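The residues making up each chain are set out below.
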Amino acid sequence: LISPRQTQHWAQTYKVRFANLEKKGLVCDAGKASITQSKENGSWNFMDDVDALIKPTDFIKCLEENPPAMVHFEKFGASTKRFILRWIKLSKTPATRARRIKEAAELAAKNLKIGGL
């Protein structure tokens, strides 16, 4: 048995990979249907702000409350910033989001990254 595809968000790297495959004519109907569905349900553009490294306002506020946090966060590499922003965005509840924002800012203040990197 083959299970149905999981519905996930599309990062910029996946979009580029898809575009390259499409140009080469290597995308089958199921792949095209998956892209259409993703565009309809919003998962195609869900991570655009993360890929553009746009910090949410609540995270900016928390970083600004501790100036070393903002300075250190801005010095992190793009992949580290994306990982942190994605981790925050994928919070399922407001309480989890608040906790993740606080933790990311506290670690940034110490010039540390979140676990998993």
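Here, every reference points to the structure presented above.
Structural notes, computed from the coordinates. (Residues numbered from 1 in each chain as written. Predicted model: local features only at pLDDT ≥ 70, side-chain atom pairs only at ≥ 80, totals over all residues. Heavy atoms only, no water.)

### Section: the overall build of the chain
Phase 1: Looking only at helices and strands, the chain has seven helices and zero strands in total.
Phase 2: Its helices and strands in sequence order give the chain the pattern α-α-α-α-α-α-α, from N to C terminus.
Phase 3: Against the globule reference of 13 Å for 117 residues, the chain gives a C-alpha radius of gyration of 17 Å, more extended than a compact globule.
Phase 4: Looking at the 117 residues of the chain, the share that counts as buried comes to 30%.
Phase 5: Long-range pairs, those at least 24 residues apart, make up 69% of the contacts in the chain between residues at least 6 apart in sequence.
Phase 6: Of the side chains in the chain, 21 bear a positive and 12 a negative charge, and the two mean positions are spaced by 5 Å. (Helix = DSSP H or I, 4+ residues; strand = E, 2+ residues; numbered from the N terminus. Rg over C-alpha atoms; globule rule 2.2 N^0.38 Å. Buried < 20%, exposed > 50% of the residue type's maximum accessible area, 1.4 Å probe, protein only. Contact = heavy atoms within 4.5 Å. Lys, Arg positive; Asp, Glu negative; His and termini not counted. Charge placed at Lys NZ, Arg CZ, Asp CG, Glu CD.)

### Here we look at unusual backbone geometry
Phase 1: One non-glycine residue, Leu-53, lies in positive phi territory at about 60°.
Phase 2: Positionally, Leu-53 belongs in the loop between α3 (48-51) and α4 (57-64).
Phase 3: In this model, Asn-111 sits at a positive phi of 65°, which is unusual for a non-glycine residue.
Phase 4: Residue placement: Asn-111 occurs in the segment after α7 (94-109).

### Observations regarding the nonpolar core
Within soluble globular proteins, side chains that are nonpolar generally end up buried alongside one another.
Phase 1: With 18 residues, the main nonpolar core has Phe-59, Leu-63, Phe-73, Ile-84, Ile-88, Ala-104 and Ala-108 as its most contacted residues.
Phase 2: Sorting the residues of this core by element identifies α4, α5 (67-75), α6 (78-89) and α7 as the ones contributing at least two each.
Phase 3: Broken down by element, this core gets its largest block of residues, five residues, from α7.
Phase 4: Setting aside chain neighbours within four positions, we find Ile-84 in contact with Phe-59, Phe-73, Phe-76, Ala-104 and Ile-114. (Core = buried A, V, L, I, M, F, W, Y, C linked by side-chain atoms within 4.5 Å.)

### Concerning the pattern of salt bridges
Phase 1: Tallied over the full model, the rule gives seven salt bridges.
Phase 2: For Lys-55, the salt bridge is made with Glu-74, and the minimal N-O distance between the two is 2.7 Å. Separated by 19 residues along the polypeptide, Lys-55 in the loop between α3 and α4 and Glu-74 in helix α5 bring together distant segments of the chain.
Phase 3: With a relative accessible area of 36%, Glu-74 lands in the partly exposed category.
Phase 4: Linking Arg-99 and Glu-103 is a salt bridge whose minimum nitrogen-to-oxygen distance equals 3.9 Å. Pair noted here: Arg-99 and Glu-103 are both in helix α7, with a separation of four residues, about one helical turn.
Phase 5: Taken together, the salt bridges that share partners define one network made up of Lys-55, Glu-74 and Lys-81. (Salt bridge = Lys/Arg side-chain N within 4 Å of Asp/Glu carboxyl O.)

Keep in mind these values describe shape, not function.
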